[in-house]
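Structural overview for review
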Amino acid sequence: MKKIVILFSGDGFNAQNIVKELHNKECIVLAGITNNADAKGIQKLQDLGIKVEVLEHTNFNSRTEFDEELVKLIESYKPDLSVLSGFMRILSTAFTSKINSINLHPSLLPKYKGAKAIEESYLSKDSLFGVSVHWVNSELDGGEIILQKSLTRVDDDSFEVFKAKIKELEFEIMPKAVVEALLCPTLGHK
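Cut-offs and rules
- Residues numbered from 1 in each chain as written.
- Predicted model: local features only at pLDDT ≥ 70, side-chain atom pairs only at ≥ 80, totals over all residues.
- Heavy atoms only, no water.
- Helix = DSSP H or I, 4+ residues; strand = E, 2+ residues; numbered from the N terminus.
- Buried < 20%, exposed > 50% of the residue type's maximum accessible area, 1.4 Å probe, protein only.
- Core = buried A, V, L, I, M, F, W, Y, C linked by side-chain atoms within 4.5 Å.
- Contact = heavy atoms within 4.5 Å.
- Polar contact = N/O pair within 3.5 Å; in protein donor to acceptor, adjacent residues only side chain to side chain.
- Axes fitted to C-alpha atoms, helices over the stretch in contact; angles between N-to-C directions.
- Parallel < 35°, antiparallel > 145°, perpendicular 65-115°, else oblique.
- Left-handed = near helix turned anticlockwise from the far one by under 90°.
- Nonpolar A, V, L, I, M, F, W, Y, C, P; charged D, E, K, R; others polar.

**Re the environment of Asp-38**
With respect to the helices and strands, the residue Asp-38 is situated in the loop between strand E2 (28-34) and helix H2 (41-47). We classify Asp-38 as exposed; its relative accessible area is 69%.

**Section: the nonpolar core**
By size, the foremost hydrophobic cluster in this structure holds 34 residues, and its most contacted members are Ile-4, Leu-81, Val-83, Ile-102 and Val-178. Mapped onto this core, the elements with two or more residues apiece are strand E1 (3-8), helix H1 (13-22), H2, strand E4 (81-84), strand E5 (101-105), helix H5 (117-124), strand E6 (128-135) and helix H6 (159-183). Per-element accounting of this core gives the leading share, nine residues, to H6. Setting aside residues no more than four positions away along its own chain, Val-178 makes contact with Ile-4, Ile-18, Leu-22, Leu-81, Val-83 and Ile-102.

**Topic: the side chain of Asp-126**
Among the structural elements, Asp-126 can be located in the loop between H5 and E6. Polar side-chain contacts of Asp-126 include one of 3.1 Å to the side chain of Lys-111. The residues contacting Asp-126, other than those within four sequence positions of it, are Lys-111, Tyr-112 and Arg-153.

**Quick notes on the environment of Leu-104**
Tracing the backbone through its elements, the reader meets Leu-104 in strand E5. If we ignore the near neighbours within four places in the chain, the residues touching Leu-104 are Asn-14, Leu-84, Ser-85, Ser-132, Val-133, Glu-170, Ile-173 and Met-174.

**Observations regarding the environment of Gly-86**
Examined against the element boundaries, Gly-86 turns out to sit in the loop between E4 and helix H4 (93-96). On the accessibility criterion, Gly-86 (34% relative accessible area) is partly exposed. Along the backbone, Gly-86 and His-57 are 29 residues apart, and their C-alpha atoms lie at a distance of 15 Å. Other than its neighbours up to four places away in sequence, Gly-86 contacts Phe-8, Ser-9 and Gly-10.

**A closer look at unusual backbone geometry**
Following Leu-109, the chain continues to Pro-110 via a peptide bond in cis, the omega torsion being 15°. Within the secondary structure, Pro-110 is located in the loop between E5 and H5. Even without a glycine there, the phi angle at Asp-141 is positive, about 50°. Along the polypeptide, Asp-141 turns up in the loop between E6 and strand E7 (145-152).

**Overview of the packing of H5 against H6**
H6 packs onto H5 with a crossing angle of 120° between their chain directions and a minimal axis gap of 10 Å. One finds that H5 runs oblique with respect to H6. The element H5 and its partner H6 pack so that their crossing is right-handed. From H5, Ile-118, Glu-119, Ser-121 and Tyr-122 reach across to H6, where they touch Phe-159, Phe-162, Lys-163 and Ile-166. Broken down by class, the residue content of the contact of H5 with H6 amounts to five nonpolar, one polar and two charged.

What follows is the structure in structure tokens.
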């Protein structure tokens with residue numbers, strides 16, 4: 001059975017969903033890795049029996065130093081795939097040239113790259129909005145798209161309602177994208 005590690009920084013909402021949907025069914029989740037010792041997702045994954053490693057980026061002098069240590073940690077597990085699920089770090093080529101990984105992004109790429117994607121998508125008033133899962137490469141949110149899911153905008157939705165709809169789409173698409181990526185592990189890699 002294929003093996004994955006999940007990288008996250010916050011509440012672990014999607015990481016928890018991946019474990020519930022896929023662990024010991026479609027793949028084995030070897031570990032969760034977070035760069036935030038206060039991440040709520042730590043407890044969520046531990047409650048599901050998944051080991052969690054904390055590697056705080058603030059303990060390193062540079063992005064490259066952190067990424068090099070992150071690569072060593074990931075490689076120690078020998079996963080087939082690393083899944084970035086709310087991992088709030090821009091990764092350098094020290095990571096992207098070595099680790100086969102996919103990323104969940106809360107917009108219909110190539111629109112609205114970066115950390116403010118939900119806000120930018122909401123303010124845009126585009127008729128469609130959604131989420132993407134893509135291969136990670138050296139370009140921020142620029143790797144080959146694996147899956148996307150969209151919804152038609154409801155004009156009077158508040159930002160909170162809009163954001164909740166994005167989260168629902170993420171919840172639905174991420175396990176499917178992990179399975180798809182495991183079936184074609186060389187697509188979009190490096």
